[in-house]
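Architecture and fold: a report
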Number of protein chains: 4
Amino acid sequence: MSPRNAERDLQMRERRIDQILDAAREVMAVKGIGSAGINDIAAEAKISIGNIYHYFTSKEEIFSALLKRGQVGYGKLVAELAAENGTAVEKLLKLSKAWLAADNVWTQTILLVSSRMSELTSPEEREAITGRFAANLTPLAAIFEQGIREGTLRDGDPLEHAMYFVSFMQGLVLQQVPGIRVPVALRAERVVSYFRSEKTE
Amino acid sequence: MSPRNAERDLQMRERRIDQILDAAREVMAVKGIGSAGINDIAAEAKISIGNIYHYFTSKEEIFSALLKRGQVGYGKLVAELAAENGTAVEKLLKLSKAWLAADNVWTQTILLVSSRMSELTSPEEREAITGRFAANLTPLAAIFEQGIREGTLRDGDPLEHAMYFVSFMQGLVLQQVPGIRVPVALRAERVVSYFRSEKTE
Amino acid sequence: MSPRNAERDLQMRERRIDQILDAAREVMAVKGIGSAGINDIAAEAKISIGNIYHYFTSKEEIFSALLKRGQVGYGKLVAELAAENGTAVEKLLKLSKAWLAADNVWTQTILLVSSRMSELTSPEEREAITGRFAANLTPLAAIFEQGIREGTLRDGDPLEHAMYFVSFMQGLVLQQVPGIRVPVALRAERVVSYFRSEKTE
Amino acid sequence: MSPRNAERDLQMRERRIDQILDAAREVMAVKGIGSAGINDIAAEAKISIGNIYHYFTSKEEIFSALLKRGQVGYGKLVAELAAENGTAVEKLLKLSKAWLAADNVWTQTILLVSSRMSELTSPEEREAITGRFAANLTPLAAIFEQGIREGTLRDGDPLEHAMYFVSFMQGLVLQQVPGIRVPVALRAERVVSYFRSEKTE
DNA sequence: AATGAATGAGCGTTCATTCAT
DNA sequence: AATGAATGAACGCTCATTCAT
């Protein structure tokens, strides 16, 4: 009734949404994207199935929102990193470590790849996803530009480097799917080394 | 006794199996792995649903066989490449081009990633997949070893390089999912360049 | 919190379960156990197919529950009968009449026999069924013991008599499958007479 | 061409039919009636699936023929028994032993019960089965008549006794389904005892 | 807002039967 | 007569979504 309540309602709504998204990510991480049913998500979120549909119109939308949240979060991370003080190599190392450390990055990556493949995804949705993906490349490119200026990173188009770097990271992260043993350990230093100018290594 | 030609039957069987696997790959490529139904595969293969089950005991098995075929085929390719005459850089370039050119490599990659994630995949199956994956690294490592000897590729553990290279390629290939436009073109030369020793570039 | 009445829900659940079991029995009675499909049961119960699976995890489980309900019901009947006042012969007559009168006893019998034969039935399930079967013999054996004491029933091991009596009843009941005309009427008195001591008949 | 060949063909046909029926009985005994598929029967009979349809027009017909064969065989057995020298009690004992000994009598019994229940069975077919069943009671009734005359079997309508006796045996036989342990051993003497006149026991 | 029972289209799979050889 | 590949209707079951409360 009062603006107070309206505001509190809105906050409640935000909290519920986050709760659902967290549950969705958790379930996806444990059961795999294909086997994550909304009943699982509801159970994980400790919410009723029906109530989920008060916050999302479809399962699709949940995954879509989850992906968006991930992309936005990642975007913030890189943007902050780019704006920080420090050398480009330090920043790249930090970023690589973040990719390889985070337990659930592969979930986001799978989600991204899946959403690209799914014919269910609408063209607008695709556009949005791709747009955010491209936007997130910019601060990373800035880091590469800084590194090139500093002479510590390989020469070349900074945006191109950013794109290759992200692809590289995604490829690596997908090797970390739980239950898999890879013959070689994945280290942030190693990844970054490929992008460094050898003269200064 | 038998009014049938046994040899012909066997050939027919092989052909049908390939037919089904091709159809499965095609459907997967168009609809995505999660949405590829048996009926789609049957329709694409111009075979009845029931008949598919003369050749495969389950949908799972089809994907498993498809992945295996891809891994074996790729294994042959790298092995031949490693045994060829030529410099390591040339070989790496050839390989990169093969990855980026082949329309359906991303299908295999998705399949690989998905099979790793699916809890349906039996532990033995997983072991087999991981085993083939690891085995396929060996000839690639040999190429890296050659390159290091030749002084054209970066120093380091050849197997480690091989692992990173494959992850890199997979990450790139996943950007090529149809319907997606990436802001940067993917070029084999660029990929290889990251693994080259800068002194000789 | 909950906008639902928990107690009512629970009652509703019980009612639905009975509704489904009744439908299953009815369908089985009309179409035979092998041809009783989930869709038939759903139609008979005026419930959707999917909803059935809110109450039972499988078709198997429905039949299992139906059999159990029958066994438990029969067990109560014999136990009460054994505890009643009256002569053993009177009790046996009552029991025989119950067997021969009840329209659906043969359904239970078929179910029992089928469950024994089905390789789908798990060993634990089998054990439970056999256990209930054996347990239900005890009160019947008590009746035979009483009769022997009273000198109206044949001498011998009461449990053995009970076992033979039940087998006999089952055999008779299976002649009453609908659509069959047997050349001889089945009468409770006749059955009991075989177990009576002739001196007192 | 020659009558010789025609005759041999006919014999061959008979042999094949028996081969198939034997296989059907065997499969039914091992897998249960519901799970006996014609592929199983074909495999057991070492014959191709398609070829089975040269001898039977449907799976139904196989079971029907199997049941008929069993009924006819049983009919011969009782008829011979009735015609034999010996007392009625001896004959009844022999018959009871035959019922309880034969490993596969329960298969026939299940088949009989199932055919009665199946709505697939045509009315004519049912009539035939019931007719044979009734016909087979006659020689058994003759044995009872003899026993009554001899004063060793209970008084009463011989046909009625026959009917009850067969029902009893069927009930007992169904307890012998493999994989089941019953709390009481089944003995031919015990069964017969219920039909004996106590004065002479 | 919240619940979870109810729905039904759709899935993977089976299997009696047919057909080309 | 003999083969077994091929067919497709039908089954049991799942699950995203809706609805009555």
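Residues numbered from 1 in each chain as written. Chains lettered and ligands numbered in written order. Predicted model: local features only at pLDDT ≥ 70, side-chain atom pairs only at ≥ 80, totals over all residues. Heavy atoms only, no water.

Going by what an unreviewed UniProt entry lists, chain A is known as TetR/AcrR family transcriptional regulator and is assigned to Cohnella xylanilytica.

Attention now moves to the relation of the copies chain C and chain D. It takes a turn of 178 degrees to lay chain C on chain D, together with a shift of 0.1 Å along the axis; the resulting RMSD is 0.4 Å. The transformation relating the two chain copies, once decomposed into turn and shift, fits a two-fold axis. With an isologous cut-off of 70% or more, the 98% of interface residues of chain C that recur at the interface of chain D puts this contact in the isologous class. (Least-squares fit on C-alpha atoms with pLDDT ≥ 70 in both. Contact = heavy atoms within 4.5 Å.)

The next subject is helix α5 (residues 88-101) of chain D. Here α5 of chain D spans 20 Å end to end across 14 residues, near enough to the 20 Å set by a 1.5 Å rise per residue. On its buried side, α5 of chain D packs onto α4 (59-83), α6 (105-117), α7 (123-150), α8 (158-173) and α9 (188-195) of chain D. (Helix = DSSP H or I, 4+ residues; strand = E, 2+ residues; numbered from the N terminus. Expected span 1.5 Å × (residues − 1).)

In this section: the relation of the copies chain A and chain B. If you rotate chain A by 178 degrees and push it 0.1 Å along the axis, it lands on chain B with an RMSD of 0.4 Å. Both copies contact each other with a shared surface, as 98% of the interface residues of chain A are interface residues in chain B too.

This paragraph deals with the interface of chain C and chain D. The interface is formed by 51 residues belonging to chain C together with 51 residues belonging to chain D. Both sides of the chain C and chain D interface together cover about 4,400 Å² of buried area, and 62% of this is carbon and sulfur. The three residues of chain C that bury the most area against chain D are Met117, Tyr164 and Tyr194 of chain C, which together make up 17% of that side's buried surface. Across the contact surface, chain C and chain D share four salt bridges. Put simply, Glu160 of chain D and Arg187 of chain C hold a salt bridge, and the shortest N to O gap is 2.7 Å. (Buried area = accessible area lost by both parts, 1.4 Å probe. Salt bridge = Lys/Arg side-chain N within 4 Å of Asp/Glu carboxyl O.)

To continue, consider the environment of Gln108 of chain B. All names here are of chain B. For Gln108, the position within the fold is in helix α6 (residues 105-117). It is 8.1 Å that separates the C-alpha atoms of Gln108 and Leu66, two residues lying 42 residues apart in sequence. Not counting chain neighbours up to four residues away, the residues in contact with Gln108 comprise Leu66, Leu67 and Gly70.

A few words on the domain arrangement of chain A. Residues and elements named next belong to chain A. What the domain assignment lists for chain A is domain 1 (1-56) and domain 2 (62-200). Measuring from the centre of the C-alpha atoms in domain 1 to the corresponding centre in domain 2 gives 27 Å. Taken together, the 13 residues of domain 1 in the interface contact 11 residues of domain 2. Of the roughly 1,200 Å² buried where domain 1 meets domain 2, counting both sides, 77% is carbon and sulfur surface. When residues of domain 1 are sorted by the area they lose upon contact with domain 2, Leu21, Arg25 and Met28 head the list and together hold 45% of the total. A salt bridge links Asp22 to Arg69; the shortest N-O distance between them is 2.8 Å. Linking domain 1 with domain 2 are two residue pairs in polar contact (both at pLDDT 80 or more), by the criterion used here. Per-element tally for the side of domain 1 that touches domain 2: the top contributor is helix α1 (residues 3-31), with eight residues. Classifying every residue of the side of domain 1 that touches domain 2 gives 10 nonpolar, no polar and three charged. (Domains from an automatic or database assignment. Polar contact = N/O pair within 3.5 Å; in protein donor to acceptor, adjacent residues only side chain to side chain. Nonpolar A, V, L, I, M, F, W, Y, C, P; charged D, E, K, R; others polar.)

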